[in-house]
Amino acid sequence: MDRRRANRNFAPALRVAAAALFFFAFALCVSSVTAQNRRLPPPPPGPTLRPKPTPKPTPTPEPVYEVLQISSNLVVVPVSVTDANGQPVLGLKQDDFRVVEEGRPQQIAQIGDPGQVPLDIAILLDVSASVEARFGFEQKAAADFVREVLKPVDRATVFAIDETPRLIQPLATADVAARQLMTLVAAKGFTAFFDSVLAAQKYLDQNSSQGRRRVVVVISDGDDTARINDLFDAQSRNGNFRLSSMEAQLQFIERSQADVLKEVQKAEISFYSINPSGQTLHLNVRIARSEQGMERIAQATGGAAFVPKDEADLPEIFRRIASELRSQYLIQYYSNNQSSSASYRHISVTTPAQPQLRVRAREGYYPKAK
C-alpha cells in the first residue's frame, strides 16, 4: 500500500523528466541541423608572403690614384750614327748613348724606332734661272727620292723656290707629291730662298701634328737674290747704297740665315740641303757664303748638307738621305732643367764607349710653353 502510494507520487516527476529530456534532445537535434544548413564564412586569408629584396652589395670605393705632375719637357732627338765610311750604324742600345743638356747629364727614357714614327717631309725645289741648265735632272731625282723614302703613313709637301715662295702641293702621299714635282718648270726670276724655307717651316709647324718627324729637303744653291734685290731697290729709292758692297751683302745674308735657323729650330725640323752648283760655288763669294749658311742650318738641326761634284751624284745623295731617315735613333728624355725660361737649350749626344762613331743630332731646342 505504501509502495503503491510511493510509485504514484514518483510517476509525475518521471514524466516531467522524460519530457524535459525529450525537449532537450529535440533542441539539440534542431540546433545541429540548423548549424549544418547555415553557410560558414570563408576562412580569413593567410598572410601574403612577399619576397625579400636582394640586398644591394655595398659599392667598393674606387681607388684614389695620385696624379703626378711632370713639369719637365719631353724632348725627342733624332740621332744619326755612321761609321768612318758614312754607313749607318744599327743595333745600338739605350746605354750606348749619353745626352747632356746645358752641362747636365740626362736620363734617357727610351729609344724609339724611326720606322714607327710617321714622317712629314717638305721638298723645296729651286726653279730660278740659276738652275735652269740642270733643272730636269734635279726634278726627276727629287721625285724618285719621294717615292723611295715615303711609306704609306708618311706625307710630303712640295714648294717651288721662285721669286716668291709657291706651295705646289699640300701634304699628300708619295705618288701625289712626286707627280706634282714633275709639273714644275724652270723660271727666269730671282731666288726667294729664305722666304721659301720659312714658308715650308711655317706650313709644317701648322699642319704636321705632334709625334711626326719633320724634315725639309732643299735643292738649291741657297743664294737669295730676291731679298737682296728688294733691299737694293728700297735703298736706291732712299739714296742709300750701303748694300752695294759685297761685305754688306754678306752681313745681310748671315743675319737672314740666323733668323731662318731660329725658326727651323723652333719647329723641330731636320734640315737637309743639296747644292747642285757643285764646285763652281767657290767661284762666287756670295754663293759660297750661302752654302756655308745651309751647312750651318743642317748641322744645328741634325741634318746634312751635300755638294755633289756633278749632277750624276744626285741619286746617290738622295739615297743616303733616305737611308739615314730610315736608320735614325729617336732618343727621348725628360729634361731635368727646371728653368721656366723659353730660351734656347743646348744639348749634345755622344757614344762614349765607341768614340770612333760619328753622331749627328740637333744641337738644342726651344722648350714648349707650359
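Residues numbered from 1 in each chain as written. Predicted model: local features only at pLDDT ≥ 70, side-chain atom pairs only at ≥ 80, totals over all residues. Heavy atoms only, no water.

**A closer look at unusual backbone geometry**
Move 1: Positioned with a positive phi, glutamate 102 is a non-glycine residue whose angle comes to about 50°.
Move 2: Here glutamate 102 is to be found in the loop between β2 (98-101) and β3 (104-106).
Move 3: If you check the backbone angles, glutamate 268 has positive phi at about 55° while not being a glycine.
Move 4: Looking at where glutamate 268 falls in the secondary structure, it is placed in the loop between α6 (246-266) and β9 (269-274).
Move 5: Classification of glutamate 268 by relative accessible area gives partly exposed; the value is 36%. (Helix = DSSP H or I, 4+ residues; strand = E, 2+ residues; numbered from the N terminus. Buried < 20%, exposed > 50% of the residue type's maximum accessible area, 1.4 Å probe, protein only.)

**Observations concerning a nonpolar patch on the surface**
Move 1: Together, Leu74, Val76 and Tyr334 line one region of the surface with nonpolar side chains, adding up to about 250 Å² of accessible area.
Move 2: Residue placement: tyrosine 334 occurs in strand β11 (residues 329-334).
Move 3: The exposure class assigned to tyrosine 334 is partly exposed, which follows from its relative accessible area of 41%. (Patch = residues over 30% accessible without salt bridge, like charges linked within 9 Å, V, L, I, M, F, W, Y side chains within 5 Å. Areas by Shrake-Rupley, 256 points an atom, 1.4 Å probe, with all protein chains shown as cover. Salt bridge = Lys/Arg side-chain N within 4 Å of Asp/Glu carboxyl O.)

**A short note on the pairing of β2**
Move 1: Summarising the sheet, β2 and strand β12 (residues 345-350) pair through four bridges and their orientation is antiparallel. Note on β12: the bridge partner recorded for valine 100 is serine 348.
Move 2: Pairing geometry for β2 and β3, over three bridges, is antiparallel. Bridge pairing in β3 places valine 100 opposite proline 105. (Pairing = 2+ DSSP bridges.)

**Regarding the packing of aromatic side chains**
Move 1: One pass over the structure, following the stated rule, counts five aromatic pairs.
Move 2: Summarising the aromatic geometry, the rings of phenylalanine 145 and phenylalanine 318 are spaced 5.0 Å apart at their centres and angled 35° between planes, so their arrangement reads as tilted. Residue phenylalanine 145 is located in helix α2 (residues 135-149), and its partner phenylalanine 318 is located in helix α8 (residues 314-327); the two are separated by 173 residues in the primary sequence.
Move 3: Given a relative accessible area of 1%, phenylalanine 145 falls into the buried group.
Move 4: Overall, phenylalanine 318 belongs to the buried group, its relative accessible area being 2%.
Move 5: An angle of 70° between the planes, with centres 6.0 Å apart, marks the rings of phenylalanine 159 and tyrosine 203 as edge-to-face. Highlighted residues: phenylalanine 159 in strand β6 (residues 155-161) and tyrosine 203 in helix α4 (residues 193-207), separated in sequence by 44 residues. The two residues phenylalanine 159 and tyrosine 203 agree in class, both being buried.
Move 6: We note lysine 266 situated over the ring of tyrosine 366; from NZ or CZ to the ring centre the distance is 5.6 Å. (Phe/Tyr/Trp six-rings, centres within 6.5 Å; stacked < 30°, edge-to-face > 60°. Lys NZ or Arg CZ within 6 Å of the ring centre and 35° of its normal.)

**Quick look at the packing of α4 against α6**
Angle between the axes and distance between the axes: these two values describe a pair of packed helices.
Move 1: Contact geometry for α4 and α6: axes closest at 10 Å, N-to-C directions at 10°. Taken together, the axes of α4 and α6 lie roughly parallel to each other. Seen from α4, the contacting residues are Phe194, Val197, Leu198 and Gln201; seen from α6, they are Ile253, Ser256, Gln257, Val260, Glu263 and Val264.
Move 2: Partitioned by chemical class, the residues of the contact of α4 with α6 number six nonpolar, three polar and one charged. (Axes fitted to C-alpha atoms, helices over the stretch in contact; angles between N-to-C directions. Parallel < 35°, antiparallel > 145°, perpendicular 65-115°, else oblique. Contact = heavy atoms within 4.5 Å. Nonpolar A, V, L, I, M, F, W, Y, C, P; charged D, E, K, R; others polar.)

**Some remarks on the layout of surface pockets**
Over the atoms rolls a probe the size of a water molecule, and in doing so it shows where empty space is left.
Move 1: Reported here for the largest pocket is a volume of approximately 690 Å³.
Move 2: Together, 29 residues line the largest pocket, and Val76, Gln210, Gly211, Glu268 and Arg362 are the ones closest to its centre.
Move 3: Secondary-structure elements contributing two or more residues to the lining of the largest pocket are β1 (74-82), β8 (213-219), β9 and β11.
Move 4: Among the elements that line the lining of the largest pocket, the one with the most residues is β1, at four residues.
Move 5: Across the lining of the largest pocket, the residue classes tally to 13 nonpolar, eight polar and eight charged.
Move 6: There is about 530 Å³ of room inside the second largest pocket.
Move 7: Surrounding the second largest pocket, 32 residues form its lining, Gly303, Ala304, Glu324, Arg358 and Arg360 being those nearest its centre.
Move 8: Considering each element in turn, the lining of the second largest pocket owes the most residues, six residues, to α8.
Move 9: Looking at side-chain class alone, the lining of the second largest pocket contains 13 nonpolar, 11 polar and eight charged residues. (1 Å grid on protein atoms, 1.4 Å probe; cavity = no way out; pocket = protein on both sides within 12 Å on 5 of 7 lines; lining within 4 Å. Points joined across faces, edges and corners; volume = space filled by probe spheres on them.)

**What about the nonpolar core?**
Move 1: Residues Ile121, Ile123, Phe145, Val146, Leu181 and Val217 are the most contacted members of the largest nonpolar core, which totals 36 residues.
Move 2: For this core, the secondary structure elements donating two or more residues are β5 (119-126), α2, β6, α3 (174-181), β8, β9, β10 (304-306) and α8.
Move 3: At seven residues, the largest contribution of residues to this core is made by α2.
Move 4: Setting aside residues up to four positions removed in sequence, isoleucine 121 forms contacts with Phe145, Leu150, Arg155, Ala156, Thr157, Leu171, Val215 and Val217.
Move 5: The next biggest cluster of nonpolar side chains, apart from the first, holds 26 residues, and it includes Tyr203, Leu204, Val216 and Val260. (Core = buried A, V, L, I, M, F, W, Y, C linked by side-chain atoms within 4.5 Å.)

**Brief notes about the sheet that holds β8**
Move 1: The sheet built from six strands is open, its strands ordered β7-β6-β5-β8-β9-β10 with mixed pairing. The sheet is open, and its two borders are formed by β7 (165-172) and β10, each paired with just one other strand. Strand-to-strand twist of the sheet, defined as the mean angle between neighbouring strand axes without regard to direction, takes the value 15°.
Move 2: Relative to β10, β9 is paired through three bridges, and the arrangement is parallel. Bridging from a neighbouring strand, serine 273 pairs with alanine 305 of β10.
Move 3: Its contacts with the sheet place α3 against β5, β6 and β7, and it is angled at close to 155° to β7.
Move 4: With respect to the sheet, α4 is in contact with β5, β6, β7, β8 and β9, its orientation differing from that of β6 by roughly 155°.

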